[in-house]
Each structure stands twice: as structure tokens, then as C-alpha cells.
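Here's the letter readout for the chains.
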Amino acid sequence: MASSPGTTLAGAIGEADGLTPALRGFLDNNPALPTPFLALDLDVVEHRYRQLEQVLPMARVLYAVKANPAREILERLAETGSCFDVASPGEIDRCLKLGIDPSRLAYGNTIKKERDIAYAFYRGITTFTVDADAELEKVARQAPGATVYVRLATDGKGADWPLSRKFGCDHTGAVALARKAHRAGMSVGLSFHVGSQQRDVNAWDEPLATVANVIGDLTSLGVPVAGVNLGGGLPSRYREPVAGVGEYGGAIRGALERHMGAGFAGEILIEPGRYLVGDAGLIETEVVLISQRGAEDELRWVYLDIGMFNGLTETLGEAIRYRVQAPGCGGPDGPVVLAGPSCDSADVLYERSSYRLPWSLQVGDHVRVFSTGAYTSSYSSVWFNGFEPLRCFYVTASQEPEVVA
């Protein structure tokens, strides 16, 4: 766990088989544990947090709870000093029940019921994000004197999971919203998000140039800017290579220096989710069926006991391409289609992305899906087709490997 901030993201994951000692110990001690399940190493989560602190020391880190809201993760990150980006009253309550002070929470969802804003403010949350006039009016009514971050739109270019179109306003709209918030007695910040699983280390440059221009206009109007939220976007290690966190940190620091300069006195925030927890977890799954559509067709359909509806939602459109391994199976491999177990024709994970698995793979064998700590358990459906929600286990190197009955 001692790799430097400049190492690749793979460096924190483990050895050649992709397992940390804690994950290997858990799997070795639970060979008969029914699948599917997620196992996640909490030490990797803390390691990622510490790396981010090193490469972006000027930024306050807010973990995006939606990535994985497990109590064990929230507790571990709270102990490290993290703050939290929450998206609903449910996430607010989850954090507060663990004793996390409301001053460490920011309500970052731009689409909120007015009564939920009132509830959040009542519970002590004073930071909200908006990108529309009607949303700002709700916050002004229900959270007087709060800090409001105005979210700017981005194109999401370079991200495997873009967050464009649905969120954000343009330059003119941001100036108008910030000015209105200031007149209502609220502190004003600016935010953006470059898209989730952003593989372009320079993706923060253009949005920060826009932010600097907005700040210039607001300064001329007498509106101070309390902070800039850089959003999320830092990637996990999936099938395609990504740069090291040190390279991302260097690019973001450079963009801040170019566009914000040394004179900006506001706070800098960043909201990682996937980066902190994605590579900490793996999903163990079982092969339910292997079939071929024709006698001459070498393409096998491999059906797993987990699919799009019980954890692997981000395979939608084959956007997130996880690393897949069949432990214990060797020899030559061949092309496969990977699909889930439900009686829904949409439950096909990978058909166009050229996945391959050993020809020796048999029904009942295990398949391991790596870097699945983010957006799996939180996306898992509740009993669709009668399949239970994804079971999760959280481990550390400092504890004896858990034996699950």
C-alpha cells in the first residue's frame, strides 16, 4: 500500500492476479460462499484518499456517497477526515447516523424537492448546488443564508460515463444565478463535472477557463466567489489503460494555476467517488450457462449469475468495460458474449467489446469482475426476477479473514 502518488492506478490494487492480501485471504477462507457477491478492501479506499490529498493538497475532498454508501466505507473515510457529497435525504441520514458532522456534508444534487432542501437545512447542511432559477428559488426560501454552488455545463468529452445534457448552465446563466443568489444573501461558489471515468487528464482545463471568465464577470458586478468545486471524474482501472493519479493531479494543478492564479482566495473542492472505491472491490460470480447459437459458431454466450439489474448496470451501452478473469481456468481462449441471468433481453453485458475467456471454462466455474467497488451495490435492484440484492463484504489487512457461514 505504499506506492507513490505518481504510480499508475494499477499500483494500489495488488499483485498479478489483481488481489490485495486482504481480498485474497477473504476468498481463500470462503471458497464455498454463494455467488454473486462484492468483496471490498477498505485499506485501498484509504490509500486512494491519501494519494489524492498528496497530489491535490489545496482541495477539500468530498466523497460522492452515491458511488457506494456502505457504512464501512463512510466510517473509514470519516476517520481519514473526508467530507461527503450527498444526493438525497437518505444519504444525509446515513451520514448523520454515523456521527458525521453536518458541516462535512454538501447537498450536491441539482434536482431536489423543496421539502428535502428544508429537511437538509434543518439537519444542519448549509451547502447546496443549483443550475436553474427555480432550484435557486427553492434554496433561497428553505435555506436562507446558505452557500450555493452554481453548476456549469460541460460536454463530458473523454469520459466513459458522460454527465452532460442533464446538468449545468452556460456562462450567462451562471452569472445570472450567482448574482441572484448574492442578492438573496447567500454565499456563491461555482462547480462543474467533467464526466465520470474521465480518461483525459486535461479535461479540467477548459471548464476552469470558463470558471475564470465567470469569476471575472462576477467580480466586476461585486459578487465574491467563495469556492470552486472541481467535481468528480477521476477514474478507476478498467480494461483500457488510464494515467496515474499523479498525472491527473499535476494536470489539474496546472489548470488551476493558469486560470485561477495565485490571487483566488476561495476554497477548492473535489468530489471523487469512483476513484476512491472502484478499484477496492471485486465481484465473484458463477457461470450459469454456456451456449453456442450454431454448430459452426465459435462465439460462446456465457451467462453469469449477476447482470445489469443486480449490480453491473454500468455495462449499459458497454460504457464501463470491467476487467474479467476466470481464476483456475487456463489454456487457449476464445470470443464470448457475457450476459446476465434475468429473463430480460436487455441483460447483455458485453457483445461488441471483444471479450475472451478460456475454452476450458465450464458451467459452475467462477468468473471474477475487477474494480467493481463503485456503482454496483448502489445500483443493484431489489428482487428483480427474485434475485436478492448484491451481498457485500468489507475487509482489511489488519483483521483476520472473515469466514462467512
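Cut-off values and rules
Residues numbered from 1 in each chain as written. Predicted model: local features only at pLDDT ≥ 70, side-chain atom pairs only at ≥ 80, totals over all residues. Heavy atoms only, no water. Helix = DSSP H or I, 4+ residues; strand = E, 2+ residues; numbered from the N terminus. Rg over C-alpha atoms; globule rule 2.2 N^0.38 Å. Contact = heavy atoms within 4.5 Å. Areas by Shrake-Rupley, 256 points an atom, 1.4 Å probe, with all protein chains shown as cover. Lys, Arg positive; Asp, Glu negative; His and termini not counted. Charge placed at Lys NZ, Arg CZ, Asp CG, Glu CD. pLDDT = per-residue confidence, 0-100. Buried < 20%, exposed > 50% of the residue type's maximum accessible area, 1.4 Å probe, protein only. Pairing = 2+ DSSP bridges. Core = buried A, V, L, I, M, F, W, Y, C linked by side-chain atoms within 4.5 Å. Axes fitted to C-alpha atoms, helices over the stretch in contact; angles between N-to-C directions. Parallel < 35°, antiparallel > 145°, perpendicular 65-115°, else oblique. Left-handed = near helix turned anticlockwise from the far one by under 90°. Nonpolar A, V, L, I, M, F, W, Y, C, P; charged D, E, K, R; others polar. Phe/Tyr/Trp six-rings, centres within 6.5 Å; stacked < 30°, edge-to-face > 60°. Salt bridge = Lys/Arg side-chain N within 4 Å of Asp/Glu carboxyl O.

### So, the overall build of the chain
Logical step 1: Helix and strand content of the chain: 10 helices and 18 strands.
Logical step 2: Here the C-alpha radius of gyration of the chain, 22 Å, is about what a compact globule of 405 residues would show, namely 22 Å.
Logical step 3: Within the chain, contacts between residues at least 6 apart in sequence are counted, and of these 72% link residues at least 24 apart.
Logical step 4: Accessible surface for the chain amounts to roughly 16,600 Å². Of this, 51% is attributable to carbon and sulfur atoms.
Logical step 5: Counting 37 positive and 49 negative side-chain charges, the chain places the averaged centre of each group 5 Å from the other.

### Quick notes on the confidence of the model for the chain
Logical step 1: Mean pLDDT over the chain: 93, with 94% of residues reaching 70 or higher.
Logical step 2: Low pLDDT, under 50, characterises residues 1-15; the stretch is placed with 42 contacts to residues that sit more than four places away or in other chains.

### As for unusual backbone geometry
Most peptide bonds are trans, and most residues other than glycine sit at a negative phi.
Logical step 1: The omega angle of the peptide bond from Thr35 to Pro36 is 0 degrees, so this bond is cis rather than trans.
Logical step 2: With respect to the helices, strands and loops of the structure, Pro36 is situated in the loop between α1 (21-29) and β1 (37-41).
Logical step 3: The phi dihedral of Ser354 falls on the positive side, at around 60 degrees, and the residue is not glycine.
Logical step 4: One can find Ser354 in strand β16 (residues 348-358).

### Remarks on the pairing of strand β17 (residues 366-370)
Logical step 1: Most of β17 sits out of view: 4 of its 5 residues are buried.
Logical step 2: Pairing analysis gives 5 bridges linking strand β12 (residues 281-292) to β17, with the strands arranged antiparallel. Note on β17: the bridge partner recorded for Glu286 is His366.
Logical step 3: Note: strand β14 (residues 324-325) against β17, 2 bridges, orientation antiparallel.

### A short note on the nonpolar core
Nonpolar side chains tend toward joint burial in soluble globular proteins.
Logical step 1: Counting 105 residues, the largest nonpolar core has Tyr63, Phe84, Trp204, Val228 and Leu230 as its most contacted members.
Logical step 2: Leaving out residues up to four positions away in the same chain, Trp204 has contacts with Phe192, Val194, Gln198, Leu230, Gly232, Gly233, Leu234, Tyr248, Ile252 and Ala255.
Logical step 3: By size, the runner-up hydrophobic cluster in this structure holds 12 residues, among which are Phe26, Leu27, Phe37 and Val395.

### Topic: the packing of helix α5 (residues 114-122) against helix α6 (residues 133-142)
Logical step 1: Put simply, α5 and α6 touch, their axes get as near as 9 Å, and they point 40 degrees apart. Considered as vectors, α5 and α6 are oriented oblique to each other. The element α5 and its partner α6 pack so that their crossing is right-handed. Contact residues: α5 offers Glu114, Ile117, Ala118 and Phe121, while α6 offers Glu135, Lys138, Val139, Arg141 and Gln142.
Logical step 2: Counted by class, the contact of α5 with α6 contains 4 nonpolar, 1 polar and 4 charged residues.

### Description of the packing of aromatic side chains
Logical step 1: All told, the structure shown has 11 aromatic pairs when counted by the stated rule.
Logical step 2: Each ring, one from Trp204 and one from Tyr248, has its centre 6.1 Å from the other, and the planes form 90 degrees; the classification is edge-to-face. Linking Trp204 in the loop between β9 (196-198) and α8 (205-220) with Tyr248 in helix α9 (residues 245-259), this pair joins segments that are 44 residues apart in sequence.
Logical step 3: You can call Trp204 buried: its relative accessible area is 1%.

### Side note on the pattern of salt bridges
Logical step 1: Evaluated as defined, the whole model comprises 25 salt bridges.
Logical step 2: For the salt bridge of Arg76 with Asp43, the shortest nitrogen-to-oxygen distance reads 2.5 Å. Taken as a pair, Arg76 in helix α3 (residues 71-80) and Asp43 in helix α2 (residues 42-55) lie far apart in primary sequence, 33 residues in all. One exposure class covers both Arg76 and Asp43, and it is buried.
Logical step 3: A salt bridge links Arg239 to Glu240; its shortest N-O distance comes to 3.5 Å.

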